[in-house]
Amino acid sequence: MTLFFIVTLNGLTLAALYFLAATGFSLIFGLMRTVNMAHGALLLLGGYVGFSVVEATGSWGLGVIAGGLAAALAGALVQFGILGWMQGDELRQTLASIAISIIMADLMLWHWGGITYQVTLPELLSGGQRLPLLGVGYASIRLALMAFALVIGVALWFLIQKTRFGAVIRAGVDDQAMLRALGFPIKRIFISVFALGGMLAGMAGVVAASALSIAPGTDLQFLLSSLVVVIVGGMGSVGGAALGALLVGLAEQYGLAYAPTYGAVFTFAIMVLVLAVRPQGLLGRAEK
Amino acid sequence: MKNAPLLAVLLALPLFLNDFWLTQVATRALILGITALSLSFLATYLGVVSFAQAMMAGIAGYTIAYFGPNTVAIGWELPFWLSIPLALVLATLAGALTGLVARRSRGIYAIMITLAIGVAFFYLTRQNYSLFNGWTGFSGVRAPQVFGLNLRAPVPLYLMTLAVAVAALVLVAGFVRSPLGLTIQALRDAPGRVRALGIPALGPIVAAFAFSGFIAGAGGILNVWYNERISSFSVGLGPIIDILIICVIGGLRHPAGAFIGAIAFVLLETFAVDLIDRDRFNTLIGLVLLAIVMLAPNGLQGMAAALVARLRPRAATPKTSI
């Protein structure tokens, strides 16, 4: 039974990370129809920058913010400098973002090398917690990570449902042409949403580097998980990303614990199943 | 046969090239071209960009390794005249299954789903030891000896690869002119109308993916003989992206683009060392890809076609593109 609880908690940890990574991806896709293949690279960049800042300043919070900002800036630059010029041509954007991710991954390998990094944890988060009821001990950072994902999820929901900026984003998802016709600066909105998505990815990168570790290849792992999460949960919806992340994270950990050599198949099976029953994803809306 | 002179030159290549050029450049480009052809076939005629071609090629390669001579003591040995058809059948099946999963998806959705399939297969090969031997994979895979002729020797390997490449191109050309091939192109151009005519879409889509799996499988078999080993790295994101890069550089709108792109890719890979640090090859290829995507979306083949059309404005018939 202890194993089951631990595996469930591991699954929730992973789900929290996947949620953080996938919401940005899903948001960008929902608004702009851009499949940002460089999303994993943005996440890894955030992680590396966060690590370097934590090493330099010793402050974990500063590292998370710096990682988020670095990835936000990189995301805004990518949209402003490259993807924005081919808006509407989705295949070209996808290919261009693949090129960007290849270049970014290679330059990061150059600068940070091929070693695995783990961010030094602050005192408060470094130990473990004995959980009441379940009777198992669990790392504080991972519990904090779940709380962090919850907070981000709620904040994002508030931003999208309750603020003016969120209303503009939702309008853009529903009818981009009308939003443009009403005179909204769509280019600027796109760049800010890209920055927002990048920031979420960058923060996820720092958190991933704290709770687990990061290395070259982490970008691919999170790009894939983001893809599967939004395919399962539905594109462009925060709730969908949360549900998808939960399913994928838990399936991956149960798979790893109970059928170690076929773990990857579980994730994949969920995706195929969802595609067969609901091609638009569990919480996604059907394309017109 | 307007391509006869080109074919004659290609057949005569072993007379001019040394082993390095013949094997490392010409043969390798042809093998990559065959696998890339399976993608540009799908992209050109079904309008779907698939990231699962490396998976299909990998399944054929793993089948050859598992059922052939290898040095890791996994699998059992079958004669090559059994293992080759088996590999092709499995690759075709993998293609059909991919088509079945991605049947309702177009455009970017198809990209995401096939990418997820491709990468999931990569993780499976890395985790699983009973069938795929995990990280290490299979080594010591040998091409068969036929009538005392070693098919891995430079000239036989080149000629065999050339034959397969020509056969694949002829097959593609024949396939797209068949009723099934026409249905596939109709599905690309006007899926709604095809359904309105009462033609079921599932069969043709699955068939197109299966056919591309067959071609990718042929490339995969040659590739495992060429490399004499296969591991999870042969089906990872690197090869997945390489196949795509080859098609994009060559041009995604024409089957020949696959081979043009493969030659450009191999030349770049072989001689990039002279230009930049070998470790930064990925940056170079990423920049090339970015430049092609931004400046010449139809690739080298598209550039050449546009150039020809400009030089002979009257003689050339305008090519209808999608």
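Owing to the predicted nature of the structure, the values given are computational and were not obtained by experimental measurement. (Residues numbered from 1 in each chain as written. Chains lettered and ligands numbered in written order. Predicted model: local features only at pLDDT ≥ 70, side-chain atom pairs only at ≥ 80, totals over all residues. Heavy atoms only, no water.)

Examining the overall build of chain B
In step 1: On a plain count of helices and strands, chain B comes out with 13 helices and 4 strands.
In step 2: In summary, chain B has a C-alpha radius of gyration of 20 Å against a globular reference of 20 Å for 322 residues, a match within 12%.
In step 3: Buried positions account for 52% of the 322 residues belonging to chain B.
In step 4: Long-range contacts, defined here as pairs at least 24 residues apart, represent 78% of the contacts in chain B between residues at least 6 apart.
In step 5: Side chains of chain B give 20 positive and 9 negative charges; the mean places of these two sets differ by 18 Å. (Helix = DSSP H or I, 4+ residues; strand = E, 2+ residues; numbered from the N terminus. Rg over C-alpha atoms; globule rule 2.2 N^0.38 Å. Buried < 20%, exposed > 50% of the residue type's maximum accessible area, 1.4 Å probe, protein only. Contact = heavy atoms within 4.5 Å. Lys, Arg positive; Asp, Glu negative; His and termini not counted. Charge placed at Lys NZ, Arg CZ, Asp CG, Glu CD.)

Thoughts on the environment of alanine 257 of chain A
In step 1: Relative to the helices and strands, alanine 257 of chain A resides in helix α11 (residues 238-258).
In step 2: Through-space distance from the C-alpha of alanine 257 of chain A to that of threonine 116 of chain A is 24 Å; in sequence the pair is 141 residues apart.

Side note on the interface of chain A and chain B
In step 1: Listed as interface residues are 43 residues of chain A and, on the opposing side, 40 residues of chain B.
In step 2: The contact between chain A and chain B buries some 3600 Å² in all, and 78% of this surface belongs to carbon and sulfur atoms.
In step 3: It is Leu95, Asp106 and Leu220 of chain A in chain A that bury the most area against chain B; as a group they hold 15% of the surface buried on that side.
In step 4: The interface formed by chain A and chain B holds 1 salt bridge in total.
In step 5: The shortest N-O distance in the salt bridge between aspartate 106 of chain A and arginine 280 of chain B comes to 3.0 Å.
In step 6: Our count for the contact surface shared by chain A and chain B stands at 4 residue pairs in polar contact (both at pLDDT 80 or more).
In step 7: Looking at the side of chain A that touches chain B, the elements that each hand over two or more residues are α1 (2-32), α4 (90-112), α10 (218-233) and α12 (263-277) of chain A. (Buried area = accessible area lost by both parts, 1.4 Å probe. Salt bridge = Lys/Arg side-chain N within 4 Å of Asp/Glu carboxyl O. Polar contact = N/O pair within 3.5 Å; in protein donor to acceptor, adjacent residues only side chain to side chain.)

A short note on the UniProt feature "transmembrane region" (unreviewed entry) in chain A
All names here are of chain A.
In step 1: Here the UniProt-annotated "transmembrane region" (unreviewed entry) positions come out as residues 6-29, 36-54, 60-83, 95-113, 133-160, 189-214, 220-248 and 255-277.
In step 2: What you have in residues 189-214 is 88% helix and 0% strand, and the ends, taken at the C-alpha atoms, are 31 Å apart.
In step 3: Helix makes up 86% of residues 220-248 and strand 0%, whereas the separation of the span's terminal C-alpha atoms amounts to 16 Å. (UniProt positions renumbered as here; feature names shortened; annotations may be inferred.)

Description of the pattern of salt bridges
In step 1: For the coordinates displayed, the defined rule picks out 4 salt bridges over all chains.
In step 2: Arginine 188 of chain B serves as the salt-bridge partner of aspartate 189 of chain B, at 2.8 Å between the closest nitrogen and oxygen.

A word on helix α4 (residues 80-101) of chain B
In step 1: Across its 22 residues, α4 of chain B extends 31 Å between first and last C-alpha, which sits within 8% of the 32 Å expected from 1.5 Å per residue.
In step 2: Within the sequence span of α4 of chain B, burial applies to Ser83, Ala87, Leu88, Ala91, Ala94, Gly95, Ala96, Thr98, Gly99 and Val101 of chain B. (Expected span 1.5 Å × (residues − 1).)

With respect to the packing of aromatic side chains
In step 1: The full count for this structure, using the stated rule, is 24 aromatic pairs over all chains.
In step 2: Taken together, a centroid distance of 5.8 Å and an interplanar angle of 80° make the contact between tyrosine 18 of chain A and phenylalanine 222 of chain A edge-to-face. Highlighted residues: tyrosine 18 of chain A in helix α1 and phenylalanine 222 of chain A in helix α10, separated in sequence by 204 residues. The burial state of tyrosine 18 of chain A is the same as that of phenylalanine 222 of chain A; both residues are buried.
In step 3: Ring centres 6.3 Å apart and planes at 80° place the aromatic pair phenylalanine 265 of chain B and phenylalanine 281 of chain B in the edge-to-face group. Of this pair, phenylalanine 265 of chain B sits in helix α11 (residues 256-275) while phenylalanine 281 of chain B sits in helix α12 (residues 281-295), placing them 16 residues apart in sequence.
In step 4: Taken together, the ring pairs connect Tyr62, Tyr66, Phe67, Trp76, Phe121, Phe132 and Phe138 of chain B into an aromatic cluster. (Phe/Tyr/Trp six-rings, centres within 6.5 Å; stacked < 30°, edge-to-face > 60°.)

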